[in-house]
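Results of the structural survey
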Amino acid sequence: MIAFYENRKDDFYAAFSPSPKRNRLQCAAHLHHHIELVLLLEGDSVAYAGTERYPLTGGDAFIAFPNQIHRFETTGPEKYYIFIVSPDLAPELAATFMSTTPRSPRIAGAADDPELLEIAARLLACKNEEHAYSDVIRRGYLQVMFAKLLQKSEIVESAHHDSHSLKTIIAYCTQNYQNELSLSVLEQELHINKYYISHLFADKLNISFSDYINSLRVSYACHHLRHSNHSITEIVELVGFGTPRTFNRAFLKHIGCTPSEYRQGKRPKNGDPARK
């Protein structure tokens, strides 16, 4: 499974489907620093966390913790809330999200909870509000919603050392994706054994280090292709690929089309990983 690193620019995203801009849950395998929550109200879907498959039906919730590979397959019409939120917006629970994982990301019946649905509706209603207390209100609703969901989940502790190391590595890669990145470079810069780094990516993220770095760079390339007038040759240099050939090969592998096709609006059939 090739996962796409989704470089999210916003700390808070909320949507209700069906809507003019979003009519299905389907998307390709991806990961990001954010928490992703789906409250499925009607319909059926299949969610994946890593390689594990979780059938979802109306009334279920699905939550992906930060840097957990996940994707969705649509099996029919759906009605749902989706929230993609930085852990920083739920500070009292951030440590839980960064150092633990749910034994099962599927929470049966959670989307039937009237109180959770009320909070979801309020979060959606206030997502675009901007006033002196708007951030405080959003954080308050998020804290309550996540606390209620975690109460319904079985949480498993991650090894503290592994969790801290992975967070350090990902932060470094995100800040230095334009520069040379290799296991040897990270070993020298972070003083973490390169074989241990390779093990962390394989064991915790189910992705190789090289695929992760390529995906990170492709994510930034997608942003440039959608929102800038830079030529593809310029984008190759901006995102840290050594040659156009390497860039094109990685882009096709992770996105399923060429950079030119992506810029023209072509999207993969299994869902654009940079959909949000």
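In case you missed it, the structure is sitting above this.
Scope of this entry: the structure provided in the associated data block. Numbering of residues starts from 1 in each chain and follows the order in which that chain's sequence is written. Local features in this predicted model are restricted to residues whose pLDDT is 70 or higher, and side-chain atom pairs enter the listing and the counts only when it is 80 or higher, whereas totals over whole chains, interfaces and linings include all residues. The basis for every side-chain value is the complete set of non-hydrogen atoms in the structure, without hydrogens or water.

**Details of the sheet that holds strand β7 (residues 61-64)**
With antiparallel pairing, five strands are arranged side by side in an open sheet as β2-β9-β4-β7-β11. Of all the strands in the sheet, the pair left with one neighbour each is β2 (12-17) and β11 (106-107). Residue contacts are counted whenever heavy atoms from the two residues lie within 4.5 Å of one another. Note on geometry: axes are C-alpha line fits, over the in-contact stretch for helices, and angles between N-to-C directions span 0 to 180 degrees. Secondary structure elements are defined from DSSP: runs of H or I of at least 4 residues count as helices, runs of E of at least 2 residues count as strands, and each element is numbered from the N terminus. Set on the sheet, helix α2 (residues 114-125) makes contact with β2, β4 (35-42) and β9 (79-85); between it and β9 the angle comes to about 65°. Any two strands between which DSSP finds at least two bridges are classified as paired.

**Comments concerning the nonpolar core**
The term nonpolar core refers to a set of buried residues drawn from Ala, Val, Leu, Ile, Met, Phe, Trp, Tyr and Cys, joined through side-chain atoms within 4.5 Å. Categorising residues by exposure relies on relative accessible area from a 1.4 Å probe, with only protein chains included: less than 20% of the type maximum marks a residue as buried, more than 50% marks it as exposed, and the intermediate range marks it as partly exposed. By size, the foremost hydrophobic cluster in this structure holds 42 residues, and its most contacted members are I169, C173, L186, Y212 and F251. Contributions of two or more residues to this core are made by β1 (4-5), β3 (27-31), α4 (160-175), α5 (183-190), α6 (194-205), α7 (209-227), α8 (232-238) and α9 (244-255). Counting residues per element, this core draws most heavily on α7, which supplies nine residues. Filtering out sequence-adjacent residues up to four positions away, F251 remains in contact with V218, A221, C222, L225, G256, C257, T258, P259 and Y262. If you look at the next biggest cluster of nonpolar residues, it comprises 27 residues, including L93, A111, L123 and F146.

**Structural notes on the pairing of strand β6 (residues 52-57)**
In terms of strand pairing, strand β5 (residues 44-49) meets β6 through six bridges, oriented antiparallel. Across the sheet, the residue bridging to S45 is L56, located in β6. If you look at the hairpin formed by β5 and β6, you'll find two residues sitting between the two strands, and G50 has a positive phi there, around 65°.

**Some words on the environment of T74**
Take T74: it is sitting in strand β8 (residues 70-74). For the pair formed by T74 and L183, sequence separation is 109 residues and the distance between their alpha carbons is 37 Å.

**Side note on unusual backbone geometry**
Within the chain, N67 stands out as a residue other than glycine whose phi angle is a positive 60°. One non-glycine residue, N206, lies in positive phi territory at about 55°. Overall, the relative accessible area of 37% leaves N206 in the partly exposed class.

**A closer look at the packing of α5 against α6**
Axis separation between α5 and α6 bottoms out at 8 Å; the angle between their running directions is 115°. By the angle class used here, α5 and α6 are roughly perpendicular. Note that α5 runs across α6; the crossing there is right-handed. For the pair formed by α5 and α6, the contact residues are L183, S184, L186 and E187 on the first element and K194, I197 and S198 on the second. Residues of the contact of α5 with α6, tallied by class, amount to three nonpolar, two polar and two charged. Throughout this description, any angle smaller than 35 degrees is read as roughly parallel, any larger than 145 degrees as roughly antiparallel, any in the 65 to 115 degree range as roughly perpendicular, and the remainder as oblique. Left-handed is the label given to a crossing in which the near helix is rotated counterclockwise from the far helix by less than a right angle, and right-handed is the label when the rotation is clockwise. By the convention adopted, Pro, Cys, Tyr, Trp, Phe, Met, Ile, Leu, Val and Ala count as nonpolar, Lys, Arg, Asp and Glu as charged, and the other residues, Gly among them, as polar.

**Regarding the pattern of salt bridges**
Salt-bridge detection follows one rule: a side-chain nitrogen of Lys or Arg within 4 Å of a carboxyl oxygen of Asp or Glu. Enumeration according to the criterion identifies 14 salt bridges in this entry. The partner of R106 in a salt bridge is D60, and the shortest N-O contact between them spans 3.1 Å. On the criterion of sequence distance, the pair formed by R106 in strand β11 and D60 in the loop between β6 and β7 is long-range, its members being 46 residues apart. By relative accessible area, D60 is classed as buried at 4%. We note a salt bridge from K148 to E115, for which the minimum N-O separation is 3.4 Å. Residue K148 is found in helix α3 (residues 134-151), and its partner E115 is found in helix α2; the two are separated by 33 residues along the sequence. Given the relative accessible area of 17%, K148 is considered buried.

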